[in-house]
Amino acid sequence: NGTTVTADMVDDVARKHFPPCMRNLYDRLKRDHHLKHFARLQLGLFLKGIGLPLDEAVVFWRRMYGATMSDDKFNKEYKYNIRHGYGQEGKRMNYAPKSCQAILTINQPGTQDSHGCPFRHFSPDNLVIFLLSTYPQLDRSSPEMRDILDSVKTSHYHVACTRVFEVTHGLKKGQGLGPDGETVTHPNKFVDRSREMER
Ligand code: SF4
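The rules behind these values
Residues numbered from 1 in each chain as written. Predicted model: local features only at pLDDT ≥ 70, side-chain atom pairs only at ≥ 80, totals over all residues. Heavy atoms only, no water. Salt bridge = Lys/Arg side-chain N within 4 Å of Asp/Glu carboxyl O. Helix = DSSP H or I, 4+ residues; strand = E, 2+ residues; numbered from the N terminus. Buried < 20%, exposed > 50% of the residue type's maximum accessible area, 1.4 Å probe, protein only. Axes fitted to C-alpha atoms, helices over the stretch in contact; angles between N-to-C directions. Parallel < 35°, antiparallel > 145°, perpendicular 65-115°, else oblique. Left-handed = near helix turned anticlockwise from the far one by under 90°. Contact = heavy atoms within 4.5 Å. Nonpolar A, V, L, I, M, F, W, Y, C, P; charged D, E, K, R; others polar. pLDDT = per-residue confidence, 0-100. Phe/Tyr/Trp six-rings, centres within 6.5 Å; stacked < 30°, edge-to-face > 60°. Lys, Arg positive; Asp, Glu negative; His and termini not counted.

Engineer: What exactly am I supposed to notice about the pattern of salt bridges here?
Structural biologist: A side chain with one charge can pair with a side chain of the opposite charge if their charged atoms come near. With the rule as written, the count across this model stands at 17 salt bridges. Of the charged contacts, one joins E77 and K73 as a salt bridge, the two residues approaching to 3.2 Å between their closest N and O atoms. In this pair, E77 and K73 both sit in helix 5 (residues 71-85), four residues apart, roughly one turn of the helix. In this structure E77 comes out as partly exposed when scored by relative accessible area, which is 42%. One connected set of salt bridges, linked through shared partners, spans D147, R163, E166 and K173.

Rendered as structure tokens:
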């Protein structure tokens, strides 16, 4: 949406505005100072989409890997991939941030992976734990939580995600991402709409 996000701003934007899939990746990266390839790709392209420029992306990832990685390793193995994601290496492709459809269906995560969509790829127990620990607005026995889990059971993952958006933005059921009751189809729509609402 045209605004620049710096490495310093990511944490604040993540806490206030990231959709569940990206919040999960970001929180894990922060905790473990590590993400596997597909998780890095999913989060990295999303961050590009919110307006994190290449030089700030390099600062961000260097900081997140922290002392677990030497500068030498970072520069040799990771910097290239970050630059690649921004179309500055290799075939110089302009890679687009992944849509929900792509995240839900391509490169299915295994049990050791953190990429994907929590609504689709987490076990029901882990999903509840994740939601309760991430969103103070949600309660285990609340009707909102029931709505979310019902949508997951019927494989309407984007409906579950939209319900999270509504609950965390003080919106009523059915209001969706905006005036037309639009549902979540892209993580970058979720974050852009959330940031717009804050202004
Ligand atoms: Fe992310 Fe889309 Fe899943 Fe929401 S529905 S958590 S935006 S992949």
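Moving on from the coordinates now.
Engineer: What is the right way to read the packing of helix 9 (residues 143-153) against helix 10 (residues 157-168) from this model?
Structural biologist: Packed helices, taken two at a time, are described by the angle between their axes plus the distance between the axes. Contact geometry for helix 9 and helix 10: axes closest at 7 Å, N-to-C directions at 160 degrees. Of the possible angle classes, the one that applies to helix 9 and helix 10 is roughly antiparallel. In this structure, the crossing between helix 9 and helix 10 has a hand that is left-handed. Seen from helix 9, the contacting residues are E144, D147, I148, S151 and V152; seen from helix 10, they are Y157, V159, A160, R163, V164 and V167. Looking at the contact of helix 9 with helix 10 residue by residue, the class counts come to seven nonpolar, one polar and three charged.

Engineer: Looking at this structure, how should I read the confidence of the model for the protein?
Structural biologist: Where the model shows low pLDDT, its predicted coordinates should not be examined in detail. Mean pLDDT over the protein: 94, with 99% of residues reaching 70 or higher. Taken over the whole predicted complex, pTM reads 0.95, whereas the ipTM for its chain interfaces reads 0.99.

Engineer: I would appreciate a short explanation of the packing of aromatic side chains in the present structure.
Structural biologist: Counting across every chain of the model gives nine aromatic pairs. Consider the rings of F122 and F130, whose centres lie 5.6 Å apart with planes at 75 degrees: the pair is edge-to-face. For F122, a relative accessible area of 19% translates into the label buried. For the pair F165 and F190, a centre-to-centre distance of 4.9 Å together with 90 degrees between the ring planes defines the contact as edge-to-face.

Engineer: Sorry, what's going on with the side chain of R40 here?
Structural biologist: Within the secondary structure, R40 is located in helix 3 (residues 37-50). One buried charged residue, R40, forms no salt bridge at all, with the nearest opposite charge on E77 at 7.7 Å. Leaving out residues up to four positions away in the same chain, R40 has contacts with L35, W61, Y65, Y78 and N81.

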